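Residue-level structure breakdown
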Amino acid sequence: MRIGYGWDSHEFKAGIPLKIGGVSLPHDKGLGGHSDGDVLLHAITDALLGAIAAPDIGTLFPPSDPQWKGADSAVFLREALKRVRAARYAVVNVDSTLILAVPKIGPHAKKIREQVAELLGVAPDCVGLKAKTPEGMGTDNAAIAHAVVLVERKP
Ligand SMILES: [Zn+2]
């Protein structure tokens, strides 16, 4: 077995859609930056890549490359998963923590877990998701995601 860890952050910007874990959430701001700004999928993608010591998401999909502007982050996750499988590993489970002031993730957590599970080809009970508010961190205009993934060598 091997473990991978990923971390990401994006700043909230007005007037763009918010996507977290491949799910569109109702909010007046979205996450700016590279691709669609899906902070959770980026952290999980880096965790998958880290588990097999592959190059990180920024190396594989450089933000400077115009083809990734506005891209669906599921594309990055699928590429990472392809590399994990090519290295003859399978995903066992993922755990993650989101840190953001708003919007509340609780009402959407089940849907996000189900979506991430579908993208990874695992059962929803193999995807952990916690949401915290950034108490005392001064990061109320950002969303931060941490993720760990366990992969197991296929026979
Ligand atoms: Zn990112």
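Read on for an overview of the structure. Keep in mind that this is a model prediction, so the values were computed, not measured. (Residues numbered from 1 in each chain as written. Predicted model: local features only at pLDDT ≥ 70, side-chain atom pairs only at ≥ 80, totals over all residues. Heavy atoms only, no water.)

Examining the sheet that holds strand 1 (residues 2-14)
Taking strand neighbours across the sheet as the criterion, the five strands line up as 4-1-7-5-6 in an open arrangement whose pairing is mixed. Two strands bound the open sheet, and with one partner strand each, they are strand 4 (29-31) and strand 6 (127-132). If you compare each strand with its neighbour and ignore which way they point, the axes differ by 20 degrees on average. In this structure, strand 5 (residues 89-99) lies alongside strand 7 (residues 142-153), joined through 10 bridges in antiparallel fashion. Bridge pairing links Leu 98 to Ala 145 in strand 7. (Pairing = 2+ DSSP bridges. Helix = DSSP H or I, 4+ residues; strand = E, 2+ residues; numbered from the N terminus. Axes fitted to C-alpha atoms, helices over the stretch in contact; angles between N-to-C directions.)

Observations concerning the coordination of the zinc ion
At this site the zinc ion is bound by Asp 8 (OD), His 10 (NE2) and His 42 (ND1), with donor distances of 2.0 Å. Of note, the zinc ion draws all its donor residues from one chain, in the sequence arrangement D-x1-H-x31-H. Pair noted here: Asp 8 is in strand 1 and His 42 is in helix 1 (residues 39-51), with a separation of 34 residues, a long-range link. We note that Asp 8, like His 42, is buried. (Donors = N, O, S within 2.8 Å, 3.2 Å for Na, K, Ca; no water. Buried < 20%, exposed > 50% of the residue type's maximum accessible area, 1.4 Å probe, protein only.)

Overview of the environment of Arg 88
Examined against the element boundaries, Arg 88 turns out to sit in the loop between helix 3 (74-86) and strand 5. Taking the C-alpha atoms as reference points, Arg 88 and Gly 21, separated by 67 residues in sequence, lie 25 Å from one another. Those residues in contact with Arg 88, other than ones at most four positions away along the chain, are Glu 152, Arg 153, Lys 154 and Pro 155. (Contact = heavy atoms within 4.5 Å.)

What to know about the pairing of strand 1
Alignment of strand 1 against strand 7, held across 10 bridges, turns out to be antiparallel. Bridge pairing links Gly 4 to Val 149 in strand 7. Bridge count between strand 1 and strand 4: three bridges; the pairing is antiparallel. Considered in strand 4, the bridge of Phe 12 is made with Leu 31.

A closer look at the packing of aromatic side chains
Per the counting criterion, the structure on display carries three aromatic pairs. Ring geometry for Phe 61 versus Trp 68: centroids 4.9 Å apart, planes at 90 degrees, classification edge-to-face. An identical accessibility class is assigned to Phe 61 and Trp 68; each is buried. Taking 4.4 Å as the distance between ring centres and 35 degrees as the angle between the ring planes, the aromatic pair formed by Phe 61 and Phe 76 counts as tilted. Note that Phe 61 is positioned in the loop between helix 2 (57-60) and helix 3 and Phe 76 in helix 3, a separation of 15 residues in sequence. Grouping aromatic residues by their ring pairs yields a cluster made of Phe 61, Trp 68 and Phe 76. (Phe/Tyr/Trp six-rings, centres within 6.5 Å; stacked < 30°, edge-to-face > 60°.)

Quick look at a positive patch on the surface
Judged by side-chain charge, Arg 2, Arg 85, Arg 88, Arg 153 and Lys 154 come together as a positively charged surface patch. Looking at the secondary structure, you find Lys 154 in the segment after strand 7. Relative accessible area serves as the criterion here: at 33%, Lys 154 is assigned to the partly exposed category. (Patch = residues over 30% accessible without salt bridge, like charges linked within 9 Å, V, L, I, M, F, W, Y side chains within 5 Å. Areas by Shrake-Rupley, 256 points an atom, 1.4 Å probe, with all protein chains shown as cover. Salt bridge = Lys/Arg side-chain N within 4 Å of Asp/Glu carboxyl O. Lys, Arg positive; Asp, Glu negative; His and termini not counted. Charge placed at Lys NZ, Arg CZ, Asp CG, Glu CD.)

Observations concerning a nonpolar patch on the surface
A cluster of nonpolar side chains, namely Ile 3, Tyr 5, Trp 7 and Val 148, defines an oily patch on the protein surface of about 420 Å² accessible area. With three residues, strand 1 is the largest single contributor of residues to the nonpolar patch. Tracing the backbone through its elements, the reader meets Tyr 5 in strand 1.

Brief notes about the pattern of salt bridges
All chains considered together, the criterion is met by seven salt bridges. With its nearest N and O atoms 3.9 Å apart, the salt bridge here joins Glu 11 to Lys 13. Judged by its relative accessible area of 42%, Lys 13 is partly exposed.

Geometric values such as these leave the question of function open.
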